[in-house]
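# Geometric and topological summary
Single-letter residue listing:
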Amino acid sequence: AQKITQTQPGMFVQEKEAVTLDCTYDTSDPSYGLFWYKQPSSGEMIFLIYQGSYDQQNATEGRYSLNFQKARKSANLVISASQLGDSAMYFCAMRDPLTRKLIFGQGTTLQVKP
Amino acid sequence: DTEVTQTPKHLVMGMTNKKSLKCEQHMGHRAMYWYKQKAKKPPELMFVYSYEKLSINESVPSRFSPECPNSSLLNLHLHALQPEDSALYLCASSQERTGLSGYTFGSGTRLTVV
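Attention in this report is confined to the structure presented alongside it. Predicted model only: the values in this text are computed from it and were never measured.

Bring the parts together and some accessible area is lost; that lost area is often taken as the interface size. In this complex, chain B contributes 25 residues to the contact, which on the side of chain A involves 20 residues. With both sides pooled, the region where chain B packs onto chain A buries about 1800 Å², and carbon together with sulfur makes up 56% of that total. Viewed at the interface, chain A and chain B are joined by 1 salt bridge. Seen at the junction of chain B and chain A, the total is 5 residue pairs in polar contact (both at pLDDT 80 or more). Contributing elements (two or more residues each) for the side of chain B that touches chain A: β4 (31–37), β5 (44–50), β6 (53–57), β9 (87–94) and β10 (103–105) of chain B. If you tally residues by element for the side of chain B that touches chain A, the top one is β4 of chain B, at 4 residues. Per-class residue counts for the side of chain B that touches chain A are 12 nonpolar, 8 polar and 5 charged.

Following this line, the structure appears as structure tokens:
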């Protein structure tokens, strides 16, 4: 069975600094997709970045980058130049290719300090 | 149009009431999902519709009844709910073969059962 683990319940970062949110995964399927979502207190789940298991390069999207280490089964999210608006809950998720289920980790609450 | 629209945003209902949650997307996505999310927890999958047919029911109690009238609409009918059903209900959609766009989520309906 597929599993996503986020071991950091809460993180603090100073404004304008970079922060890394950890995510490890477990799957026996060679084909999989990994996602990061941001959920502010308003509730909306905002898609940030995607990494496919066969992608040769780490995904980047603006200030977001994904540090994909396939052998270690980790897909950490790096947010550069943190902003106050980055304060939110962040979820790492994996797509099951057969069922199309999106399996979420427990989430990490990020607070950006001014 | 790259949005998933959910209505209402907030709903308070009694345990004997019947209400419905509505979800709409016009991105041509053929898979649609209902998730339930309790505070500070990850979303939990409830139902998956693929090409307007129910493909996954995650053993959800029958007081929750999904409906997919057409490829753009997804409803969740609620009847005789319990206070523990109070949660954020998220709708999402995806292409049948999920690519870089991943899953698009709505902003959710915050349900309170009194």
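With an omega dihedral of -10°, the bond running from T7 of chain B to P8 of chain B counts as a cis peptide bond. Here P8 of chain B lies in the loop between β1 (4–7) and β2 (10–13). Even without being glycine, K73 of chain A reaches a positive phi, approximately 55°. By the secondary structure assignment, K73 of chain A is in the loop between β8 (64–69) and β9 (74–79). Given the relative accessible area of 29%, K73 of chain A is considered partly exposed.

What counts and how
- Residues numbered from 1 in each chain as written.
- Chains lettered and ligands numbered in written order.
- Predicted model: local features only at pLDDT ≥ 70, side-chain atom pairs only at ≥ 80, totals over all residues.
- Heavy atoms only, no water.
- Contact = heavy atoms within 4.5 Å.
- Buried area = accessible area lost by both parts, 1.4 Å probe.
- Salt bridge = Lys/Arg side-chain N within 4 Å of Asp/Glu carboxyl O.
- Polar contact = N/O pair within 3.5 Å; in protein donor to acceptor, adjacent residues only side chain to side chain.
- Helix = DSSP H or I, 4+ residues; strand = E, 2+ residues; numbered from the N terminus.
- Nonpolar A, V, L, I, M, F, W, Y, C, P; charged D, E, K, R; others polar.
- Buried < 20%, exposed > 50% of the residue type's maximum accessible area, 1.4 Å probe, protein only.

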